Amino acid sequence: MTNNLKNDVHEFWNESSCGEKLFLEGFSKDDYLNQSKVRYELEPEILSFGQFESFKDKKTLEIGVGLGSDHMLLARSEALLTGIDLTERAVGHTKRRFKLLGLTSDLSVADAENLPFEDGSFEMIYSWGVIHHSPNTPKVVDEIHRVLMKNGKCKIMIYHKYSLVGFMLWLRYGLFTFRPFIGLNKIYHQYLESPGTKAYSYKEARKLFHKFKINSITSPLTHGDLLTSQAGQRHKGAILNGARKIWPRRFFKAFMRNNGLFLMLDLEKK
């Protein structure tokens, strides 16, 4: 079952890397740079959370390179860089981007549940919105802990269960389909992105990363929660367009400011 699910996850993201259909118009240098520009305009929290300059001269691993945008920033910050992804498509995109821009990284296709690195190989690990797609996320976390040096640091984003995005998905696939008792775990597994996608409460995230010192954990509202942009590769249509017009953004910003989809963890190996 787990292998079948992993194959499904691989097929989903190998057909189109995250953001590719929405924001990547072609394969030229300008196309890749424009995709990055749009990414950080939509999600400026990546830059404030990532603090990419802190990776300078550090042995760094990115898990899930995707289109290579954050990997590019790590390289430009002069990290000693290694990157992996489950899909050939993502590694191909990132290699192409890096060749066009004259950047360097050791890039390969690899499974985060079985990282092909020695214990204590890296000083820093970065992963944005990736490990919650793995069928066995706790095993990925164990692998991150294993390959990280003592006192090494991680910047990891996973999805937040009690987010406005989760509420929207419940409205659409639960309440409006006369299934009000469907659980959020099932909602995320079936309807957010790739099959089996998971999301975590603050308590569950602390349990997941119990081997680490958690320096901070935050989940601010973002464009997806506030419906100020396109909602993703799977979600389109008249209902969503209508919701954008009536979505009470001021209320959410005032009373639900910590219910964003992105649960961002700043971690350190004890």
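As shown above, the structure is provided for reference.
The notes below deal with the structure included here. It should be emphasised that the depicted structure is a prediction, and the values quoted were computed from it without experimental measurement.

1. Details of the packing of helix α8 (residues 164-173) against helix α9 (residues 184-191)
At a minimum axis separation of 10 Å, α8 and α9 run at an interaxial angle of 85°. Put simply, α8 runs roughly perpendicular to α9. Contacts between α8 and α9 involve G166, L169, W170 and Y173 from the former and L184, I187, Y188 and Y191 from the latter. Each residue belonging to the contact of α8 with α9 can be placed in one class, and the counts come to 7 nonpolar, 1 polar and no charged.

2. Overview of helix α5 (residues 69-76)
Here α5 lies mainly inside the structure; 7 of its 8 residues are buried. What α5 keeps buried is the set S69, D70, H71, M72, L73, L74 and A75. In the stretch just after α5, E78 is the one whose phi turns positive, near 70°.

3. Description of the pattern of salt bridges
Within the structure shown, the criterion is met by 12 salt bridges. In this structure, the salt-bridge partner of E41 is K37, at a minimum N-O distance of 2.7 Å. On the criterion of helical spacing, the pair formed by E41 and K37 is a turn pair, its members being 4 residues apart in helix α3 (residues 29-42). K211 is paired through a salt bridge with D142; the nearest N and O atoms lie 3.1 Å apart. With K211 in the loop between α10 (202-208) and β6 (212-218) and D142 in helix α7 (residues 137-147), the pair connects residues that are 69 residues apart, well separated along the chain. Exposure remark for K211: the relative accessible area of 36% places this residue in the partly exposed category.

4. Here's the deal with the side chain of T60
Mapped onto the elements of the fold, T60 is located in strand β1 (residues 59-63). Using a relative accessible area of 0% as the deciding quantity, one classes T60 as buried. A distance of 2.9 Å separates a polar atom in the side chain of T60 from the backbone oxygen of K58. With residues up to four places along the chain from it excluded, the contact list for T60 reads F55, L74, A79, L80, L81, T82, F122 and M124.

About the thresholds
Each residue is numbered by its place in its chain's sequence as written, counting from 1. Residues qualify for local features only when their pLDDT is at least 70, as the model is predicted, and side-chain atom pairs are given and counted only at 80 or more; totals for whole chains, interfaces and linings, by contrast, use all residues. To obtain the side-chain values, all non-hydrogen atoms of the structure were included, while hydrogens and water were left out. Fitting a line to C-alpha atoms yields each axis, with helices limited to the stretch in contact; the angle taken between N-to-C directions then spans 0 to 180 degrees. Secondary structure counts use DSSP, requiring at least four H or I residues in a row for a helix and at least two E residues in a row for a strand, with both numbered from the N terminus. Throughout, the term roughly parallel applies to angles under 35 degrees, roughly antiparallel to angles over 145, roughly perpendicular to angles from 65 to 115, and oblique to all others. What makes two residues a contact is simply this: any of their non-hydrogen atoms within 4.5 Å. Amino acid classes used here: Ala, Val, Leu, Ile, Met, Phe, Trp, Tyr, Cys and Pro are nonpolar; Asp, Glu, Lys and Arg are charged; the rest, including Gly, are polar. Each residue gets one of three labels from its accessible area relative to the maximum for its type: buried under 20%, exposed over 50%, partly exposed in between, using a 1.4 Å probe on protein chains only. When a carboxyl oxygen of Asp or Glu is within 4 Å of a side-chain nitrogen of Lys or Arg, the pair counts as a salt bridge. Side-chain atoms alone can form a polar contact between residues adjacent in sequence; in general such a contact is a pair of N or O atoms within 3.5 Å, and within protein one must be able to donate a hydrogen while the other accepts it.

So, to be careful, I would describe these as geometric facts and stop short of saying anything about function.
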